[in-house]
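Structural features, examined
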Amino acid sequence: MAQLHRELGLRDLTLFAIAVIVGPRWITIAAHAGPGSVTLWIAAAVFFAAPLGVAVAALMKKYPGPGGLYLWTREDFGPFHGFLSFWTYWFSIALTLPGSAMAAMSVSAYTFGPRFSHLADNRAYVLISSLVAIWIALGTNVIGMKVGKWTENAGGITSWTIAALLVGAAALVWRTHGSVTPMHVWPVWNWDTLSLFGGIAYALSGMELLGMMSAEIRSPERSVVPATWIATLFATTFYVLTTVALLVLVRPEKVELMHGLADGASTAAASLGWIWIAPVMAGLVVVNGIGGWGGYGASVSKLPYAAGVDSLLPAAFGKIHPRWGTPAFSILIFGAVTSFLLVITQLGDTMRAAYQTIVSLMVIAGFLPYIYLFMSAWKCGRRLSTISGLAITALAIISSVVPTPDVTNVLLFEVKILGGTALMIGLAGVVYWLGVRKTYSAAA
């Protein structure tokens, strides 16, 4: 019988974690809210990202083997709760890719030079290029981690490069021209800030994906803990420094959510005479995105794989490809669902509002499984991490139903958010019931 292959060492695991946690689109979301977001980054790191890393390391030690979040929840709370946590988390990642791809491919228009920068706001270009990029990312991981890990490594390495380039350019502009944004880092506390904090906390999530790769990690007892701490510290530093750098170059109200990073690079180019910086930055963002999307696909495919092994999903989900050593069918289904969600969320509103709908649905679906994760961590004795993580989880879920100013049709937004969440949970119950019924029928 084909088995998963242990291809990830400490370096690969650390770069994998950085690739799936760091997303350049969150820089523009934070910068658009102003310099107060710097404080939110630090708070989210202390009260959510660090507790999450502690919890994941403890659970991976307690429950080694493929399945990650599904396995932990199933063992601690029963098979239905395990299935529900897998289902909602899987859909949250399926929603993560469309939003991330839209942002990265909007920026990619700047790769071709100023003449083509208008494509950043062209829905057809962003949609088609996003679909192509997603399938490139997933395709490299279908054929095996021996190949796919280099996609994730490239994503991790480009994170460092993006930070160095943006922060370096902003520092030179600050020295010669000053900052266009006054740096008042204490946020104004209101519903918009709370909603932003939920998104920022989600931006620092992703460490739980390591648990889903446990069967492909060499010496996990020596690699997991250092990888979690290095990746968390890097991600926090990355987001703080790049947010400040972008605000040095562009005022908050001028930061475009979809392509603000490229706009900041263009501003630096005009100030410093570096005509190459915007195309290079755009190319780095695309490579970084492909690395992260490949990591998402490789890791979350282990959830339906584990559920397929437990006969809760069709048998094809529980099979490993005999040549590539991957759950190829699970990855392909993930890509198909992601593509469908990317298209369907464009209906009935502006592209920016569609992007915000994706972000809110993604945060709600993504945080629901963290309730299970932190409750499992409580059973591991990680009490402080559990209390802090659950508090931020509750805050993020509540704040995600509050529409931002970019949403012009509030009723449509709330219908999509609440209806989408209810549909997702309801489908989990139906699919689980069918799986259990099939298992009992086969046993009879």
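Calculation rules
- Residues numbered from 1 in each chain as written.
- Predicted model: local features only at pLDDT ≥ 70, side-chain atom pairs only at ≥ 80, totals over all residues.
- Heavy atoms only, no water.
- Helix = DSSP H or I, 4+ residues; strand = E, 2+ residues; numbered from the N terminus.
- Buried < 20%, exposed > 50% of the residue type's maximum accessible area, 1.4 Å probe, protein only.
- Contact = heavy atoms within 4.5 Å.
- 1 Å grid on protein atoms, 1.4 Å probe; cavity = no way out; pocket = protein on both sides within 12 Å on 5 of 7 lines; lining within 4 Å.
- Points joined across faces, edges and corners; volume = space filled by probe spheres on them.
- Nonpolar A, V, L, I, M, F, W, Y, C, P; charged D, E, K, R; others polar.
- Core = buried A, V, L, I, M, F, W, Y, C linked by side-chain atoms within 4.5 Å.
- Salt bridge = Lys/Arg side-chain N within 4 Å of Asp/Glu carboxyl O.
- Axes fitted to C-alpha atoms, helices over the stretch in contact; angles between N-to-C directions.
- Parallel < 35°, antiparallel > 145°, perpendicular 65-115°, else oblique.
- Left-handed = near helix turned anticlockwise from the far one by under 90°.
- Phe/Tyr/Trp six-rings, centres within 6.5 Å; stacked < 30°, edge-to-face > 60°.
- Expected span 1.5 Å × (residues − 1).
- Patch = residues over 30% accessible without salt bridge, like charges linked within 9 Å, V, L, I, M, F, W, Y side chains within 5 Å.
- Areas by Shrake-Rupley, 256 points an atom, 1.4 Å probe, with all protein chains shown as cover.

1. Some details on the overall build of the protein chain
Tallying secondary structure elements over the protein chain gives 17 helices and zero strands in all. With 444 residues in all, the protein chain has 61% of them scored as buried. Summarising the internal contacts of the protein chain: among those between residues at least 6 apart in sequence, 83% fall at separations of at least 24.

2. Regarding empty space enclosed by the protein
Enumeration according to the criterion identifies one cavity of 30 Å³ or more in this entry. Lining the largest cavity we find 34 residues, and of these Val-22, Gly-23, Arg-25, Trp-26 and Ser-100 sit closest to its centre. Among the secondary structure elements, those contributing two or more residues to the lining of the largest cavity are helix H1 (10-21), helix H2 (25-32), helix H5 (79-108), helix H8 (191-203), helix H11 (260-272) and helix H12 (277-300). The leading source of residues in the lining of the largest cavity is H5, at seven residues. Here the residues of the lining of the largest cavity are counted per class, giving 21 nonpolar, 11 polar and two charged.

3. Details of the nonpolar core
Formed by 136 residues in total, the largest nonpolar core has its most connected members in Trp-293 and Leu-373. Counting residues per element, this core draws most heavily on H5, at 16 residues. Once you skip the residues sitting within four places of it in the chain, Leu-373 turns out to touch Leu-52, Ala-55, Val-56, Leu-59, Leu-69, Trp-72 and Glu-208.

4. Examining the environment of Lys-438
Positionally, Lys-438 belongs in helix H17 (residues 410-443). Linking Lys-438 and Leu-312, residues 126 residues apart in sequence, is a C-alpha distance of 8.3 Å.

5. Structural notes on the pattern of salt bridges
For the structure on display, the rule yields three salt bridges. Notably, a salt bridge pairs Lys-62 with Asp-76, separated by 3.7 Å at the nearest N-O pair. Separated by 14 residues along the polypeptide, Lys-62 in helix H3 (residues 37-62) and Asp-76 in helix H4 (residues 69-77) bring together distant segments of the chain. The class of Asp-76 is buried, set by a relative accessible area of 12%. We note a salt bridge from Arg-74 to Glu-75, for which the minimum N-O separation is 2.9 Å. By relative accessible area, which is 22% here, Arg-74 ends up partly exposed.

6. Concerning the side chain of Ser-339
Looking at the element boundaries, Ser-339 is found in helix H14 (residues 328-344). When near neighbours in sequence (up to four residues on either side) are disregarded, Ser-339 contacts Leu-131 and Trp-135.

7. Regarding the packing of H11 against H12
Between H11 and H12, the least distance of the axes is 8 Å, while the angle of their chain directions is 155°. The angle between the axes of H11 and H12 places the two elements in the roughly antiparallel class. Relative to H12, H11 is oriented so that their crossing is right-handed. Residues Leu-261, Ala-262, Ala-265, Ser-266, Ala-268 and Ala-269 of H11 lie in contact with H12, whose contacting residues are Ile-277, Ala-278, Met-281 and Val-285.

8. Describing the packing of aromatic side chains
With the rule as written, the count across this model stands at 22 aromatic pairs. Arranged with centres 5.3 Å apart and planes meeting at 55°, the rings of Phe-48 and Phe-367 form a pair that is tilted. Taken as a pair, Phe-48 in helix H3 and Phe-367 in helix H15 (residues 351-379) lie far apart in primary sequence, 319 residues in all. No difference in accessibility class separates Phe-48 from Phe-367, as the two residues are buried. The class for Phe-367 is buried, based on a relative accessible area of 0%.

9. A closer look at H11
In this model, H11 (13 residues) spans 18 Å end to end at C-alpha, consistent with the 18 Å of a helix rising 1.5 Å per residue. For H11, the complete set of buried residues consists of Gly-260, Leu-261, Ala-262, Asp-263, Gly-264, Ala-265, Ala-268 and Ala-269. Following H11 by one or two positions, Gly-273 has its phi on the positive side, about 80°.

10. What to know about a nonpolar patch on the surface
Taken together, the side chains of Ile-42, Val-46 and Phe-47 make up a nonpolar region of the molecular surface, amounting to roughly 280 Å² of accessible area. With respect to the helices and strands, the residue Val-46 is situated in helix H3.

11. Observations regarding the packing of H5 against H12
The N-to-C vectors of H5 and H12 enclose an angle of 165°; their axes lie 9 Å apart at closest approach. Taken together, H5 and H12 sit at an angle that is classed as roughly antiparallel. The element H5 and its partner H12 pack so that their crossing is left-handed. Between H5 and H12, the contacting residues are Tyr-89, Trp-90, Ile-93, Thr-96, Leu-97, Ser-100, Ala-101, Ala-104, Met-105, Val-107 and Ser-108 on the first element and Ala-282, Val-285, Val-286, Trp-293, Tyr-296 and Val-300 on the second. Class assignment of the residues belonging to the contact of H5 with H12 gives a composition of 14 nonpolar, three polar and no charged.

12. A short note on helix H16 (residues 383-399)
With 17 residues, H16 should reach 24 Å at 1.5 Å per residue; the first-to-last C-alpha distance of 25 Å fits that figure. If you check which residues of H16 are buried, you get Ser-385, Thr-386, Ser-388, Gly-389, Ile-392, Thr-393, Ala-396, Ile-397 and Ser-399.

13. Quick look at the environment of Pro-252
If you trace the backbone, Pro-252 turns up in the loop between helix H10 (220-249) and H11. Measuring from C-alpha to C-alpha, the distance between Pro-252 and Gly-34 comes to 5.2 Å, with 218 residues separating the pair along the chain. Setting aside residues up to four positions removed in sequence, Pro-252 forms contacts with Ala-31, His-32, Gly-34, Pro-35, Thr-181 and Leu-247.

14. Here we look at the environment of Tyr-296
With respect to the helices, strands and loops of the structure, Tyr-296 is situated in helix H12. The class of Tyr-296 is buried, set by a relative accessible area of 12%. Sequence separation of Tyr-296 and Ala-19 is 277 residues, and the distance between their C-alpha atoms is 9.2 Å. If we ignore the near neighbours within four places in the chain, the residues touching Tyr-296 are Val-20, Ile-93, Thr-96, Leu-97, Leu-209 and Ser-301.

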